[in-house]
Amino acid sequence: MKGRKTLEGIKKAILSLICISLLFLCVILPGRADGEASSALPDTHAKAIERMRAGFEAYEQSIDISDLSITPEELGELFSHATKDTPYLFYVSSTLAFTYYTNGCVITVKPKYNMEKEEVEKAVEYCKSEVKKIATLIGPFDSELDILVAVHDLLCRDFSYDLTLKNDDIYSFLTQKNGTCQGYTWAYMALLRELGIECRYVASDTIAHIWLAVKIDGEWYHSDVTWDDPPRLEDNDEISRAHILFSDEKADRDGYKDRYSSEKIKCESKLYDDGEKSLNQNVCLFPGDTDHDGKVSIRDLLFLRQYLEKGIASRRLCLICSDIDKNYVIDETDVEHIRQTIVKRD
């Protein structure tokens, strides 16, 4: 009997230790990734990011990362990378609960979602559909640079900065046609990736800002569409290309302080640091000037008619300029707009 009591006592002690070793903590994770990330994340960190990202996309309530030895301090940084480098996770709250062992390793991540699952599915599907629709207007182009310029100009033309600071994700950006730097950046990211251009987020808590690093012709550059589309006092199509492609050196000069990302990308090329002076592409902003000759004419009408009737897109046909009503669909309404422009002018 004494031996049995001793054995039962040992079992109770072991169970008590197991219970004590599991703690639950709810924290507000910062948007910032603390410290500079290395050029290549440790394998366990990369796995944690991918596992969280996949779990968020699947709307999982509990994500197991117990085998990766991630500390609570590391989790905040990895959560930031997982959500910032993916444009469609706008429904994931920055409030994150997790369980962890007393030895400091996280067991499970328990995300909080700002929308119900059915709402998320509809909202994400809308965003992806809209991105594909917009992407069909970009091209045909000869280079990655032409694609990037066209996307940059389209976002500046069709969207505006949200001075209320409420629309801070890609869903509200696309539905409301305005947003903060987060809305601009994630829409920019989604469109560039849809068109095959590699890009990563870059952020700074010091200046409360987020933008992209983009890879063009084998070189990395900063690209900030938000700062090229400042709030306008009147409705016009004038935009800037001052921050379309720039180096780390220019970023330092222009006040992009304390930058961080999931990768320590170096933007060393200064090829486009002078902005518009080094970019000779036509600005895709003149409604109806589908052939970029500086005026709206019968030829524009013929180009567009040929495209609609035969599906032939001349290399001189700019679909962005053809989309006069800015609904990202080229149809008879756009043809009629051009026709009316010619009639009124003549």
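Above this text is the structure in question.
These numbers were taken from a predicted model, which means no experiment stands behind them. (Residues numbered from 1 in each chain as written. Predicted model: local features only at pLDDT ≥ 70, side-chain atom pairs only at ≥ 80, totals over all residues. Heavy atoms only, no water.)

**Considering the overall build of the protein chain**
The cut-off we apply is this: A run of H or I in DSSP becomes a helix once it reaches four residues, and a run of E becomes a strand once it reaches two; helices and strands are each numbered from the N terminus. Each residue gets one of three labels from its accessible area relative to the maximum for its type: buried under 20%, exposed over 50%, partly exposed in between, using a 1.4 Å probe on protein chains only. Contact definition: two residues touch when any of their heavy atoms are within 4.5 Å. Accessible areas in this description were obtained via Shrake-Rupley with a 1.4 Å probe; residue shielding takes into account the shown protein chains only.
For the protein chain, the helix and strand inventory stands at eleven helices and nine strands. The buried share among the 346 residues of the protein chain stands at 49%. Within the protein chain, contacts between residues separated by at least 24 positions form 64% of all contacts whose residues are at least 6 apart in sequence. Carbon together with sulfur atoms contributes 52% to the accessible area of the protein chain, which is approximately 17400 Å² in total.

**Concerning the pairing of strand S7 (residues 199–204)**
Here is the rule we go by: The pairing criterion is simple: DSSP has to find at least two bridges between the two strands.
The element S7 is extensively covered by neighbouring structure, given that six of its six residues are classed as buried. The alternating pattern of S7 places Cys-199, Tyr-201 and Ala-203 on one face and Arg-200, Val-202 and Ser-204 on the opposite face, and all of these are buried. With six bridges joining them, S7 and strand S8 (residues 209–216) adopt antiparallel strand pairing. When the sheet's bridge partners are listed, Ser-204 is paired in S8 with His-209. What sits between the antiparallel neighbours S7 and S8 is a turn of four residues, in which Ala-208 has the positive phi angle 50 degrees.

**Here's the deal with the packing of helix H4 (residues 117–135) against helix H7 (residues 181–194)**
We apply this condition: Fitted lines through C-alpha atoms serve as axes, helices being fitted only where they are in contact, and the angles separating the N-to-C directions of these axes extend from 0 to 180 degrees. What sets the label is the angle itself: under 35 degrees gives roughly parallel, over 145 gives roughly antiparallel, 65 to 115 gives roughly perpendicular, and the rest give oblique. Crossing handedness is read from the near helix: turned anticlockwise from the far helix by less than a right angle, it gives a left-handed crossing, and turned clockwise, a right-handed one. Under this grouping Gly is polar, as are all residues other than the nonpolar Ala, Val, Leu, Ile, Met, Phe, Trp, Tyr, Cys and Pro and the charged Asp, Glu, Lys and Arg.
Relative orientation of the contacting elements H4 and H7 amounts to 60 degrees, with a least axis distance of 9 Å. Taken together, the axis directions place H4 and H7 in an arrangement best described as oblique. Pair H4 / H7 crosses with right-handed handedness. Across from Val-131, Lys-132, Ile-134 and Ala-135 in H4, the residues of H7 making contact are Ala-190, Leu-191 and Glu-194. Here the contact of H4 with H7 is built from residues that sort into five nonpolar, no polar and two charged.

**Some remarks on the packing of aromatic side chains**
Under the convention used in this document: Side-chain rings of Phe, Tyr and Trp (the six-membered ring for Trp) are treated as a pair once their centres are within 6.5 Å; stacked means planes under 30 degrees apart, edge-to-face means over 60, and tilted covers the remaining angles. Whether a charge lies above a ring is judged from NZ of Lys or CZ of Arg, which has to be within 6 Å of the ring centre and within 35 degrees of the ring normal.
Summed over the entire model, instances satisfying the criterion amount to 15 aromatic pairs. Plain terms: the ring middles of Tyr-91 and Tyr-113 are 5.9 Å apart, the flat faces sit at 45 degrees to each other, and that makes the pair tilted. Of this pair, Tyr-91 sits in the loop between helix H3 (72–84) and strand S3 (92–101) while Tyr-113 sits in strand S4 (residues 106–113), and the two are 22 residues apart along the sequence. Like Tyr-113, Tyr-91 is buried. Seen in terms of ring centroids, Trp-211 and Tyr-256 are 4.7 Å apart; in terms of plane orientation they differ by 65 degrees. Their pairing is edge-to-face. With Trp-211 in strand S8 and Tyr-256 in the loop between helix H8 (248–253) and helix H9 (298–310), this pair connects stretches of sequence that are 45 residues apart. Just as Trp-211 is buried, Tyr-256 falls in that class too. Pairwise contacts between aromatic rings join Tyr-59, Phe-90, Tyr-91, Tyr-113, Tyr-126 and Tyr-171 into one cluster. Positioned above the aromatic ring of Tyr-88 is the side chain of Lys-128, whose terminal nitrogen or guanidinium carbon lies 5.4 Å from the ring centre.

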